[in-house]
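# Coordinates in review
Residue-level listing of the chains:
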Amino acid sequence: MTHSNTPPQSSVMFTVPGIDNVPDLFGDINDPQLVIFFAGNQFMCIDDLLAEFKKAYPQYQRVFAETLPPGILAKQIAGGSVTVGNMRITLKPDVFTAGKGLIDQMADSFTHTEPYAYNNLAIMVQKGNPKNIKGFIDLAKADIRVSMPNPAGRYWQAD
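So, here is what we can say about the structure in this document. (Residues numbered from 1 in each chain as written. Predicted model: local features only at pLDDT ≥ 70, side-chain atom pairs only at ≥ 80, totals over all residues. Heavy atoms only, no water.)

### Remarks on the side chain of T97
- Looking at the element boundaries, T97 is found in strand β6 (residues 95-97).
- When its relative accessible area of 8% is taken as the criterion, T97 is described as buried.
- Here T97 is in contact with F37, F38, A39, Q42 and Y116, once residues within four sequence places are set aside. (Helix = DSSP H or I, 4+ residues; strand = E, 2+ residues; numbered from the N terminus. Buried < 20%, exposed > 50% of the residue type's maximum accessible area, 1.4 Å probe, protein only. Contact = heavy atoms within 4.5 Å.)

In structure tokens form, the structure reads like this:
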């Protein structure tokens, strides 16, 4: 499924659908009032999230957000930039969301940290659970294929 967010309005809209689409970079890159790095693939909710945020906080209309994998964002924060194609971005986040482990590792990079969400881990199985997966032990069976994200933000799959 291809998903793209609504691009900011401009006097020239120079985008070739499916080619010039970078859904993990969103908003105003020039002189943003707020820069947010959302660790993980959260691009599918950015349109709605930022629209509601701008309604609640109308003083922030020029917002830039990235939803790259957490490991990439951590390297960007540490190194000061990220390059996508021919574009280098040197913005520093005002807000960085990531898992507790990564935030703890990067504690020296922030003046304040605050938990904002909690979750329970879950195992997703094929519809109907045909292999009768009931827990982590079942994932070690020879006929089970496992796919999960790794800290660098790529998916790892065991055969």
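### A look at the nonpolar core
- Within the largest apolar cluster, 16 residues are counted, with the highest numbers of intra-cluster contacts made by F64, L73, I89, F96, A98 and L102.
- Counting residues per element, the ones that place at least two in this core are β2 (34-38), α2 (70-79) and α3 (100-105).
- Ignoring anything within four residues of it in the chain, the contact list for L73 reads F37, F38, A39, E66, L68 and F96. (Core = buried A, V, L, I, M, F, W, Y, C linked by side-chain atoms within 4.5 Å.)

### Description of the side chain of D138
- Mapped onto the fold, D138 is located in the loop between α3 and β7 (146-149).
- The exposure class assigned to D138 is buried, which follows from its relative accessible area of 15%.
- At 2.6 Å, the side chain of D138 and the backbone nitrogen of K134 are in polar contact.
- If near-sequence neighbours (up to four positions away) are discounted, D138 is found in contact with N132, I133 and I144. (Polar contact = N/O pair within 3.5 Å; in protein donor to acceptor, adjacent residues only side chain to side chain.)

### Some remarks on unusual backbone geometry
- The backbone phi angle of D31 is positive, close to 50°, even though this residue is not glycine.
- Here D31 lies in the loop between β1 (25-27) and β2.
- Positive phi is not limited to glycine here, since N132 has a value of about 55°.
- Among the secondary structure elements, N132 is positioned in the loop between α3 and β7.
- Overall, the relative accessible area of 42% leaves N132 in the partly exposed class.

In short, shape yes, function no, at least from these values alone.
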